[in-house]
Amino acid sequence: NAGVTQTPKFRVLKTGQSMTLLCAQDMNHEYMYWYRQDPGMGLRLIHYSVGEGTTAKGEVPDGYNVSRLKKQNFLLGLESAAPSQTSVYFCASSYRTSTDTQYFGPGTRLTVL
Amino acid sequence: QKEVEQDPGPLSVPEGAIVSLNCTYSNSAFQYFMWYRQYSRKGPELLMYTYSSGNKEDGRFTAQVDKSSKYISLFIRDSQPSDSATYLCAIGYSSASKIIFGSGTRLSIRP
């Protein structure tokens, strides 16, 4: 039982490049989330999903897209990376509601030059 | 006004001290109150979970909710160096599809 895993762990991009972050969970959770964490800003929700095939915008969705084609996977895409997207990205999942315990992945450290 | 306010610290206390961490919130509809602990370069993990008002105790940790004041607290007794981490409060309500995190308080326990 691996819990929540994230790929890659680190990445450096140049401005304008694109990339996809992959999140996988093996707990059969319905809800999945993508957060970004910046110094002094706490965790800010980018996008979330309440089930396979569904996605919704969070607090800071601009510049990101997501897909949840399979229940266990939640992908976060950056189409044209900007330095403002330099951050640590966390994926999380919860069983059936947002107030169930959220289980977090180890994070992806992204730097955009 | 932010929905959840949390003092970012940093807070540094000697080993064995009692630590008090706090958050305030603005929406009286919130019913679920959580504390997550995050060690350096790790993902957050749930530490304490409280529904509605009152206290909850788990070992050296006590979570307290005062809905009349819209104020939540986490107390750590007999603090240990291993408690050094960032503590994030989080709040939510049953019909919401997301919870809201505070900005986190960085805590350091000096041996």
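Residues numbered from 1 in each chain as written. Chains lettered and ligands numbered in written order. Predicted model: local features only at pLDDT ≥ 70, side-chain atom pairs only at ≥ 80, totals over all residues. Heavy atoms only, no water.

Chemist: What should I look at first to understand the sheet that holds strand β1 (residues 4–7) of chain A in this one?
Modeler: Consider a sheet: its strands pair through backbone hydrogen bonds, and that pairing is either parallel or antiparallel. All names here are of chain A. If you walk across this open sheet you meet the four strands as β1-β3-β8-β7, and the pairing is antiparallel. Strands at the two margins of the open sheet, each flanked by one partner only, are β1 and β7 (64–67). Taken pair by pair, the neighbouring strands of this sheet meet at an average axis angle of 20°, ignoring direction. Taken together, the six bridges between strand β3 (residues 19–25) and strand β8 (residues 73–78) define a ladder with antiparallel strand orientation. Counterpart to Cys23 in the pairing with β8 is Phe74. (Pairing = 2+ DSSP bridges. Helix = DSSP H or I, 4+ residues; strand = E, 2+ residues; numbered from the N terminus. Axes fitted to C-alpha atoms, helices over the stretch in contact; angles between N-to-C directions.)

Chemist: Looking at this structure, how should I read the pairing of strand β6 (residues 54–58) of chain B?
Modeler: Every regular strand shows the same layout, with side chains that alternate between the two sheet faces. Residue and element names in this part refer to chain B. Across five bridges, the pairing between β6 and strand β7 (residues 61–66) is antiparallel. Residue pairing in the sheet places Glu57 in a bridge with Thr62 of β7. The hairpin turn running from β6 into β7, its antiparallel successor, is two residues long, and Gly59 in that turn takes a positive phi close to 65°.

Chemist: Can you walk me through the nonpolar core in this structure?
Modeler: The nonpolar side chains of a soluble globular protein tend to be buried with one another. Residue and element names in this part refer to chain B. One finds Trp35, Ile72, Leu74 and Tyr87 to be the most contacted residues of the largest nonpolar core, which totals 24 residues. When contributions to this core are tallied by element, the ones reaching two or more residues are β3 (19–25), β4 (32–38), β5 (45–51), β7, β8 (71–76), β9 (85–92) and β11 (105–110). Setting aside residues no more than four positions away along its own chain, Tyr87 makes contact with Gln6, Leu21, Trp35, Tyr36, Arg37, Leu47, Leu74, Ile76, Gly104, Thr105 and Leu107. (Core = buried A, V, L, I, M, F, W, Y, C linked by side-chain atoms within 4.5 Å. Buried < 20%, exposed > 50% of the residue type's maximum accessible area, 1.4 Å probe, protein only. Contact = heavy atoms within 4.5 Å.)

Chemist: Please explain the pattern of salt bridges as it appears in this structure.
Modeler: A pair can form between side chains of opposite charge whenever their charged atoms are brought close. Summed over all chains, the structure comprises six salt bridges over all chains. Between A:Asp38 and A:Arg44 there is a salt bridge, with its nearest N and O atoms 2.8 Å apart. Each of the two residues, A:Asp38 as well as A:Arg44, counts as buried. One salt bridge connects B:Asp83 with B:Arg60, and the closest N-O pair in it is separated by 2.8 Å. Placement of the pair is B:Asp83 in the loop between β8 and β9 and B:Arg60 in the loop between β6 and β7, with a sequence separation of 23 residues. The exposure class assigned to B:Asp83 is buried, which follows from its relative accessible area of 2%. For B:Arg60, a relative accessible area of 26% corresponds to the partly exposed category. Connected through salt bridges with shared partners, the residues A:Arg36, A:Asp38 and A:Arg44 form a single ionic network. (Salt bridge = Lys/Arg side-chain N within 4 Å of Asp/Glu carboxyl O.)

Chemist: Before we go on, may I ask you to explain the interface of chain A and chain B in this structure?
Modeler: How big an interface is tends to be expressed through the accessible area that disappears when the partners come together. Contacts between the two partners involve 20 residues from chain A and, on the opposite side, 20 residues from chain B. A buried area of about 1,600 Å², summed over both sides, lies between chain A and chain B, and 56% of it is on carbon and sulfur atoms. Across the chain A-chain B interface, the total number found is zero salt bridges. Counting the contacts that link chain A with chain B gives four residue pairs in polar contact (both at pLDDT 80 or more). Those elements giving two or more residues to the side of chain A that touches chain B turn out to be β4 (31–38) and β5 (42–49) of chain A. For the side of chain A that touches chain B, the residue count by class is eleven nonpolar, eight polar and one charged. (Buried area = accessible area lost by both parts, 1.4 Å probe. Polar contact = N/O pair within 3.5 Å; in protein donor to acceptor, adjacent residues only side chain to side chain. Nonpolar A, V, L, I, M, F, W, Y, C, P; charged D, E, K, R; others polar.)

Chemist: What's the story with the sheet that holds β7(B) in this structure? I'm lost.
Modeler: Residue and element names in this part refer to chain B. Read across the sheet, five strands follow the order β1-β3-β8-β7-β6 without closing on themselves; strand pairing throughout is antiparallel. What marks the edges here is a single partner per strand, and that holds for β1 (4–6) and β6. Within this sheet the neighbouring strands show an average axis-to-axis angle of 15°, counted without direction.

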